[in-house]
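Read off the chains here:
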Amino acid sequence: MPTFNYRYGVGSYRAKEYQIGVRAEPEVYDRESFAVVLFYTRSNGEYVEVAKIDDSEHEEGTVHFDRYYRADGANRKDFDVDVDSLFEAEDLVKDNWRRYARLYEENHEGQD
C-alpha cells in the first residue's frame, strides 16, 4: 500500500470497506504534487485503486482523473476534470465514492 499523509474510511459497499487516501509532496499545505485515491483492501491484503485524482505530468496535461472503475478497455484517464487543488479533488471523490464503488463492482465483478 502506498504511503499517505492521511487516510480515512468513507463507508462499506458490498462487504468492502472503502477508504480515501491523500498524499502530497512535500506536505499537504505546501505541496508540489498530490493524489487523492479511493481504494479498498482485498482479504489477501492487496490494495485496489478504484478512482484517483492526481497531478502527475502526462503528455496530455497535469491534473487528471484515473477512473479505474470503468470497464476494462474503456478510456480511464480523464483530463477534462474541473479540479484545481488537492482539497477539491478530495471533496469530489468523497462526495461520489459510493457511485464509483458501485460502478467498479458492476464493471469488475468476480475479480475478488
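For the structure, see preceding data.
Residues numbered from 1 in each chain as written. Predicted model: local features only at pLDDT ≥ 70, side-chain atom pairs only at ≥ 80, totals over all residues. Heavy atoms only, no water.

As for helix 1 (residues 86-107)
Compared with the 32 Å implied by 1.5 Å per residue over 22 residues, the 27 Å span of helix 1 between its first and last C-alpha is markedly short. Those residues of helix 1 lying buried are Leu86, Ala89, Glu90, Val93, Trp97, Tyr100, Ala101, Leu103, Tyr104 and Glu105. Along its buried surface, helix 1 packs onto strand 1 (6-13), strand 2 (16-27), strand 3 (30-41), strand 4 (47-54) and strand 5 (64-66). (Helix = DSSP H or I, 4+ residues; strand = E, 2+ residues; numbered from the N terminus. Expected span 1.5 Å × (residues − 1). Buried < 20%, exposed > 50% of the residue type's maximum accessible area, 1.4 Å probe, protein only. Contact = heavy atoms within 4.5 Å.)

Comments concerning the side chain of arginine 67
One can find arginine 67 in the loop between strand 5 and strand 6 (77-78). In this structure the side chain of arginine 67 is engaged in a polar contact, spanning 2.6 Å, whose partner is the side chain of tyrosine 69. Here aspartate 78 takes part through its side chain, which lies 3.0 Å from a polar atom of the side chain of arginine 67. Residues contacting arginine 67, with those up to four places away along its chain left out, are Val50, Arg76 and Asp78. (Polar contact = N/O pair within 3.5 Å; in protein donor to acceptor, adjacent residues only side chain to side chain.)

Re the environment of valine 22
The residue valine 22 is located in strand 2 in this model. Sequence separation between valine 22 and aspartate 95 is 73 residues; the distance between their C-alpha atoms is 15 Å. Here valine 22 is in contact with Phe4, Asn5, Tyr6, Ala35, Val36, Leu86 and Glu90, once residues within four sequence places are set aside.

Some details on the pattern of salt bridges
Applying the stated criterion across every chain, the model contains six salt bridges. A salt bridge links glutamate 49 to lysine 52; the shortest N-O distance between them is 4.0 Å. What makes lysine 52 buried here is its relative accessible area of 13%. For arginine 67, the salt bridge goes to aspartate 78, with nearest N and O atoms at 3.0 Å. You can see arginine 67 sitting in the loop between strand 5 and strand 6 and its partner aspartate 78 sitting in strand 6, a full eleven residues away along the chain. Taking relative accessible area as the criterion, aspartate 78 reaches 15% and is therefore assigned buried. (Salt bridge = Lys/Arg side-chain N within 4 Å of Asp/Glu carboxyl O.)

Geometric descriptors of this kind do not, in isolation, establish any biological role.
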